[in-house]
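The residues making up each chain are set out below.
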Amino acid sequence: MEIYRKGLYTHAPSLYKFKLAKKWRKLKIRAALCDGAQKPEGIQFIIHGNGKILSSYNVKPNEQHLFDIDVTDIDDLELFTQDQTGNNYNAWSIWCTPC
């Protein structure tokens, strides 16, 4: 288990929206399921920029994924999570260490 100082908790489905106004160059953020999340099929983490998918990854329990994305020309950023089965029971997920 790893402890992170910063994070955005989600319960899929969830959506965080940010106005970057083209002031950011890069987004590095880690996606994971919270301890105790019983979602063997995983949670889909999706990053949208200006209405288009920039990247996505299906994270399963005891797994993490690091997104490292160029957001130089992005005005509007969205961090979206969704369950793979349509059942959001135990869909505890987190975006960790955003920078």
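This section reports on the structure supplied with the text. Note that the coordinates shown come from a computational prediction; the quantities given were computed from them, not determined experimentally.

1. Concerning the pattern of salt bridges
Inference 1: Taken as a whole and assessed by the stated rule, the structure comprises 4 salt bridges.
Inference 2: The closest approach of N and O atoms between D76 and K19, which form a salt bridge, is 3.1 Å. Here the residue D76 occupies a position in strand β7 (residues 76-83), and K19 occupies one in strand β2 (residues 14-19), the gap between them amounting to 57 residues.
Inference 3: Measuring nitrogen to oxygen at the nearest pair gives 2.7 Å for the salt bridge that ties K39 to D83. Note that K39 is positioned in the loop between β3 (26-33) and β4 (43-49) and D83 in strand β7, a separation of 44 residues in sequence.

2. Focus on the state of the cysteines
Inference 1: For the structure shown, the criterion picks out 0 disulfides.
Inference 2: A disulfide-free cysteine, C34 has its sulfur positioned 7.5 Å from the sulfur of C96, the nearest such atom.

3. A few points about the sheet that holds β3
Whenever strands of a sheet pair, they do so through backbone hydrogen bonds, lying parallel or antiparallel.
Inference 1: Read from one edge of the open sheet, 4 strands run β1-β8-β3-β6, paired in antiparallel fashion. One side of each edge strand has no neighbouring strand; the edge strands of this open sheet are β1 (7-11) and β6 (64-70). Between one strand axis and the next, the sheet turns through 20° on average, direction left out of account.
Inference 2: In terms of strand pairing, β1 meets strand β8 (residues 92-96) through 5 bridges, oriented antiparallel. Bridged to Y9 within β8 is I94.

Rules of the game
Residues numbered from 1 in each chain as written. Predicted model: local features only at pLDDT ≥ 70, side-chain atom pairs only at ≥ 80, totals over all residues. Heavy atoms only, no water. Salt bridge = Lys/Arg side-chain N within 4 Å of Asp/Glu carboxyl O. Helix = DSSP H or I, 4+ residues; strand = E, 2+ residues; numbered from the N terminus. Disulfide = S-S within 2.5 Å. Pairing = 2+ DSSP bridges. Axes fitted to C-alpha atoms, helices over the stretch in contact; angles between N-to-C directions.

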